[in-house]
Amino acid sequence: MSLLVVGSVALDTVETPAGKAETVLGGSAVYFSAAAHRYTPVRLVGVVGEDFPAEHRDFLKSMDVDISGLITQPGETFRWHGRYEGAMNEAETIRTDLNVFGDFDPALPEDFRDSDFVFLANGVPAVQMKVLDQVTGPTLTVADTMNLWIETTREDLDRMISRIDVLCLNENEARMLTGEHLLARAARRLMELKLKAGVIKKGEHGMTLATPGATFALPSFPEENVSDPTGAGDSFAGAMMGFLAREGRTDPASLMLAAAHGIAMASFTVGGFGPQHIADIPLEKVEERVHQLRAVCTF
Ligand code: AMP
């Protein structure tokens, strides 16, 4: 089934204890696509400026990502500068230059409107809703969000959440959104929002998947060589949704297996800088890690 992502396409500068990457390809829609394309073709909607290098466009095309929804506008591409320290569980944003992304008004190409699986990467909730207005009958809609929108556009965010099936957020954002310190309670509160599922990402501690019937948890894959966690959340979502779109399933057991794929993929993402190094990872290697994860969780 078809898979659509709408989100940022960026030029990132990232500093971690392992090194620094300057003005490299990034953005949530790019990391999502690099992970998802191993499972199923991806349709991408985003915006870049006139400075966006042709080689990055070629990279997206090389993954068979349909970039007919990637528009170029006068001005500069979105730039994000982040730094990670210690266990690298959360990025410290040093600088965000929205540039053309600040006026992002997603217009879906006519042949993207029938997309079955839709991922709204982190962004302004009102803009995320504009995408929901344009899709004609999606099977599963999943959105990511962040503390900024919880703090500044709560009403829009609540409205957006009431229109989607699955919400992804990190543990502190789950606490902030629900007002609950204990994640077990936060997971239950997410279910009161009438979602099909809530995904709470916990960095090196894995994730919690809340569904109306049960709450599941998975550890992260024990990867010891973490170079750059940028894009871990988006590539998690990319593998999870790529798997679901390929299988055409949305039941809780499939969501759980899909999340295991997300965790396995994200463990490759954090092993190097930028999205390029995950684009070529054979699916068998991801599946191998899913099996290893299963072994870790079985007792
Ligand atoms: P993740 O590490 O999965 O949360 O996503 C990292 C990517 O998100 C980076 O490549 C950034 O370019 C992008 N990013 C950072 N801040 C924002 C923002 N405010 N809106 C959209 N994308 C962002």
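To keep things clear, this report deals only with the structure shown in the data block.

### Thoughts on the packing of helix H6 (residues 171-178) against helix H7 (residues 183-191)
Thinking step 1. Their axes nearest at 9 Å, the elements H6 and H7 cross at an angle of 60°. Between H6 and H7, the angle falls in the class oblique. Between H6 and H7 lies a crossing whose hand is left-handed. Where H6 abuts H7, its residues Glu171, Ala174, Arg175, Leu177 and Thr178 lie against Leu183, Ala186, Arg189 and Leu190.
Thinking step 2. By residue class, the composition of the contact of H6 with H7 is five nonpolar, one polar and three charged.

### A short note on the packing of aromatic side chains
Thinking step 1. All chains considered together, the criterion is met by three aromatic pairs.
Thinking step 2. Measuring from centroid to centroid gives 4.6 Å for Phe32 and Phe119, while their planes differ by 5°, and the two rings are stacked. Placement of Phe32 in helix H1 (residues 28-36) and of Phe119 in strand S8 (residues 117-120) is noted, with a sequence separation of 87 residues between them. Considered together, Phe32 and Phe119 belong to a single accessibility category, that of buried residues.
Thinking step 3. By way of ring pairs, the aromatic residues Phe78, Phe101 and Phe104 are connected into one cluster.
Thinking step 4. Geometry around Phe268 places Arg289 over its ring, the cationic atom sitting 4.0 Å from the centre.

### So, the sheet that holds strand S9 (residues 140-144)
Thinking step 1. One open sheet holds the nine strands; their spatial order is S5-S4-S1-S8-S9-S10-S11-S12-S13, and the pairing between them is mixed. Taken across any chain shown, the strands that pair with only one partner, and hence form the sheet edges, are strand S5 (66-73) and strand S13 (215-218). The average angle at which neighbouring strand axes cross in this sheet is 15°, direction not considered.
Thinking step 2. With respect to the sheet, helix H9 (residues 252-269) is in contact with strand S11 (197-201), strand S12 (207-210) and S13, its orientation differing from that of S13 by roughly 25°.

### Description of the site of the ligand
Thinking step 1. Close to the ligand lie 17 residues, the nearest being Ser8, Asp12, Gly27, Gly231 and Asp234.
Thinking step 2. A distance of 3.2 Å is found between an oxygen atom of the ligand and a backbone nitrogen or oxygen belonging to Gly233.
Thinking step 3. Here the ligand has 510 Å² of accessible area as a free molecule, and 83% of this is covered by the chains.
Thinking step 4. Contributing elements (two or more residues each) for the shell around the ligand: strand S2 (10-16), H1, strand S6 (78-83) and helix H8 (232-247).
Thinking step 5. Top contributing element to the shell around the ligand by residue count: H8, with three residues.

### A short note on the side chain of Thr208
Thinking step 1. Position of Thr208 relative to the elements: it lies in strand S12.
Thinking step 2. With relative accessibility at 9%, the residue Thr208 sits in the buried group.
Thinking step 3. For Thr208, the side chain forms a polar contact with the side chain of Lys202, separated by 2.9 Å.
Thinking step 4. Among residues more than four places away in sequence, those in contact with Thr208 are Gly198, Val199, Ile200, Lys202, Thr215, Phe216 and Ala217.

Here is what the cut-offs are and how they apply
- Residues numbered from 1 in each chain as written.
- Predicted model: local features only at pLDDT ≥ 70, side-chain atom pairs only at ≥ 80, totals over all residues.
- Heavy atoms only, no water.
- Axes fitted to C-alpha atoms, helices over the stretch in contact; angles between N-to-C directions.
- Helix = DSSP H or I, 4+ residues; strand = E, 2+ residues; numbered from the N terminus.
- Parallel < 35°, antiparallel > 145°, perpendicular 65-115°, else oblique.
- Left-handed = near helix turned anticlockwise from the far one by under 90°.
- Contact = heavy atoms within 4.5 Å.
- Nonpolar A, V, L, I, M, F, W, Y, C, P; charged D, E, K, R; others polar.
- Phe/Tyr/Trp six-rings, centres within 6.5 Å; stacked < 30°, edge-to-face > 60°.
- Buried < 20%, exposed > 50% of the residue type's maximum accessible area, 1.4 Å probe, protein only.
- Lys NZ or Arg CZ within 6 Å of the ring centre and 35° of its normal.
- Pairing = 2+ DSSP bridges.
- Near = heavy atom within 4 Å.
- Polar contact = N/O pair within 3.5 Å; in protein donor to acceptor, adjacent residues only side chain to side chain.
- Areas by Shrake-Rupley, 256 points an atom, 1.4 Å probe, with all protein chains shown as cover.

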